[in-house]
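# Commentary on secondary and tertiary structure
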Amino acid sequence: MADSLHGSIPRIDFAGIGPAAAGASDAKWAAVRAAVMDALCEHGCFEAVMDGLIAPELSAAVLGPGGALETLLSLPVSAKARNTSEKPYRGYVGSVPGLPYESLAIMDPLSPDAVRDFADLMWPGTGNTAFCKSMHAYAEKVALVEAVVRRMVLESVGATAEYIEEQAKATSFKLRLTEYAAPGAAEARVTGLPAHRDTSFLAVLTQNDIDGVEVECGRGEGGWARPALSPGSFLIFAGDTFKVLTNGRVFNPLHRVVMAGDKTRYSSILFSSPNDDVIVRAIDERVDAEHPAAYKPFEYGEYVVFCYTPEMLQHPKKLEAYAAVLVDG
Ligand SMILES: O=C(O)CCC(=O)C(=O)O
Ligand SMILES: [Fe+2]
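Since the structure is predicted, the reported quantities are computational estimates derived from the model, not experimental observations.

So, about the packing of helix 5 (residues 112-122) against helix 6 (residues 129-156). Two measures define how a pair of helices packs: the angle their axes make with one another and the distance between the axes. With their axes 9 Å apart at the nearest point, helix 5 and helix 6 run at an angle of 140 degrees to one another. Between helix 5 and helix 6, the angle is such that the two are oblique. When you trace helix 5 past helix 6, the crossing you get is right-handed. Every residue of helix 6 that contacts helix 5 at Pro112, Val115, Arg116 and Ala119 is listed here: Phe131, Cys132, Met135 and His136. Within the contact of helix 5 with helix 6, the residues separate by chemical class into six nonpolar, one polar and one charged.

Take a look at the structure:
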């Protein structure tokens, strides 16, 4: 089978890595940063091992049986469908024929008010304090992982402190909470989410104890991997925006979800993206006469709209179709 699972992605141990501000002078930080950059340039994906970052009780409250995701996704469709947005892929997605996929999005999950507004929409009148508390605390922890990895990438391509600070101010977060129904014994493997690339800077994924996500390794040449995520680990994906910013160095891998077995899968993904009005372009430090910019600058929000037009939805190379300077570059 052409896409048999013979690929594998790196596992990087973040033990001893402090907060995002640790900076380049720390030898441990520099070593992990080099491994992160290698992984993102070679595969666009890796497993970050950060044992102890999220207390087991908090993980269980979010992704465990009876936890926040299960509670949310077991609401009636009429309630979940109130999670809407005028922008594509920023609200409820479900009831897609043949796809065991149901998902909601909390925009700006690092804001307690935004999480409360979301919960008030789902549980009108009563709200859901327990959901808000654990979901917000969880998002904050996952955001620490995102901040560390994003800083490592930016430092690796020579971003100045000012650039990093300005970018932080112009970055938005989305937390996508998803349920994948299990096919049961009857069918061995069922598509849970078709192969796609993310438009974001980064996506940081955690899940209950059911694997399902698969990623194409080696910039598309290394076969598909199906990482077995350990508790305490995070799966990191780079998206189109980081490919443009690094002028093609960081890769934006195809990935998909394939369900097997008889247990429901829950996943939580924190996406970091530029604000919609930000112009996405290669950082100056990565562009010179030998390495001209591979992509034309574009407004992030317009690009996202383009990606979700019906003609583009299944396109495997949306970024190249939208902004490549050279079609095969
Ligand atoms: O839920 C997952 O495991 C992956 C979902 C995904 O790739 C996405 O929502 O972009
Ligand atoms: Fe994705």
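So, about the nonpolar core. Core analysis: the largest hydrophobic core is formed by 80 residues, its most contacted members being Val149, Leu202, Val204 and Ile236. No other element matches helix 6, which puts twelve residues into this core. When residues no more than four places from it in sequence are discounted, the contact partners of Leu202 are Glu146, Val149, Arg150, Ile236, Phe237, Ala238, Gly239, Phe242 and Ser272.

Taken together, four strands build an open sheet; the order of strands is 5-10-7-8 and the sheet is antiparallel. Unpaired on one side and paired on the other, strand 5 (190-196) and strand 8 (224-225) mark the two borders of the sheet. Sheet topology note: the strand 7 (residues 213-216)/strand 8 ladder contains two bridges and is antiparallel. Counted as the bridge partner of Glu216 is Trp224 from strand 8.

Before going further, it helps to examine the pairing of strand 4 (residues 171-180). Of all ten residues in strand 4, seven are buried, a share of seventy percent or more. In this sheet, strand 4 lies alongside strand 3 (residues 101-107) in antiparallel orientation, the contact comprising seven bridges. When the sheet's bridge partners are listed, Tyr101 is paired in strand 4 with Tyr180.

Here we come to the site of ligand 1. Close contacts around ligand 1 come from Arg176, Thr178, Leu193, Asp198, Leu205, Gly212, Val213, His255, Val257, Ser267 and Ile269, and that covers them all. For the shell around ligand 1, the secondary structure elements donating two or more residues are strand 4, strand 10 (255-259) and strand 11 (265-274). Tallied by class, the residues present in the shell around ligand 1 amount to five nonpolar, four polar and two charged.

Here we take up the sheet that holds strand 6 (residues 202-207). Read across the open sheet, the seven strands follow the order 1-2-9-6-11-4-3; overall the sheet is mixed. Strands with a single pairing partner mark the edges of an open sheet, and in this sheet they are strand 1 (11-13) and strand 3. The mean inter-strand angle of the sheet, taken between neighbouring strand axes irrespective of direction, is 25 degrees. Docked against the sheet, helix 6 engages strand 2 (45-49), strand 4, strand 6, strand 9 (233-238) and strand 11, running at close to 140 degrees with respect to strand 6.

This part covers the environment of Ala225. For Ala225, the location among the structural elements is in strand 8. When the 22 C-beta atoms within 10 Å are taken as the criterion, Ala225 is described as buried. Residues Ala225 and Glu214, eleven residues apart in the sequence, show an inter-C-alpha distance of 5.5 Å. The residues touching Ala225, leaving out its near neighbours within four places in the chain, are Leu5, Gly7, Ser8, Ile9, Glu214, Val215 and Cys217.

Each value, and the rule that gives it
Starting from 1, residues in each chain are numbered consecutively following that chain's sequence as written. Chain letters start at A and ligand numbers start at 1, both assigned in the order the entries are written. At least 70 in pLDDT is required for a residue's local features to be given in this predicted model, at least 80 for side-chain atom pairs to be given and counted, and no such filter applies to totals for whole chains, interfaces and linings, which use all residues. Between N-to-C directions, angles cover 0 to 180 degrees, with each direction set by a line fitted to C-alpha atoms, over the stretch in contact for helices. Secondary structure elements are defined from DSSP: runs of H or I of at least 4 residues count as helices, runs of E of at least 2 residues count as strands, and each element is numbered from the N terminus. For classification, angles of less than 35 degrees are called roughly parallel, those exceeding 145 degrees roughly antiparallel, those between 65 and 115 degrees roughly perpendicular, and all remaining angles oblique. Left-handed describes a crossing whose near helix is turned anticlockwise from the far helix through less than a right angle; right-handed describes the clockwise counterpart. C-beta atoms are first placed from the backbone for all residues, and any pair lying within 7 Å is then listed as a contact. Three classes are used, and their members are as follows: Ala, Val, Leu, Ile, Met, Phe, Trp, Tyr, Cys and Pro are nonpolar, Asp, Glu, Lys and Arg are charged, and the others, Gly among them, are polar. Core membership is restricted to buried Ala, Val, Leu, Ile, Met, Phe, Trp, Tyr and Cys residues, and these are joined into a nonpolar core through C-beta atoms within 7 Å. Exposure is read from a count of other C-beta atoms within 10 Å of each residue's own; the residue is exposed at 12 or fewer, buried at 20 or more and partly exposed in between. C-beta atoms are placed from the backbone. Here a strand pair is declared whenever DSSP counts at least two bridges between the two strands. Should the C-beta atom of a residue, placed from the backbone, lie within 6 Å of a molecule or strand, that residue is near it.

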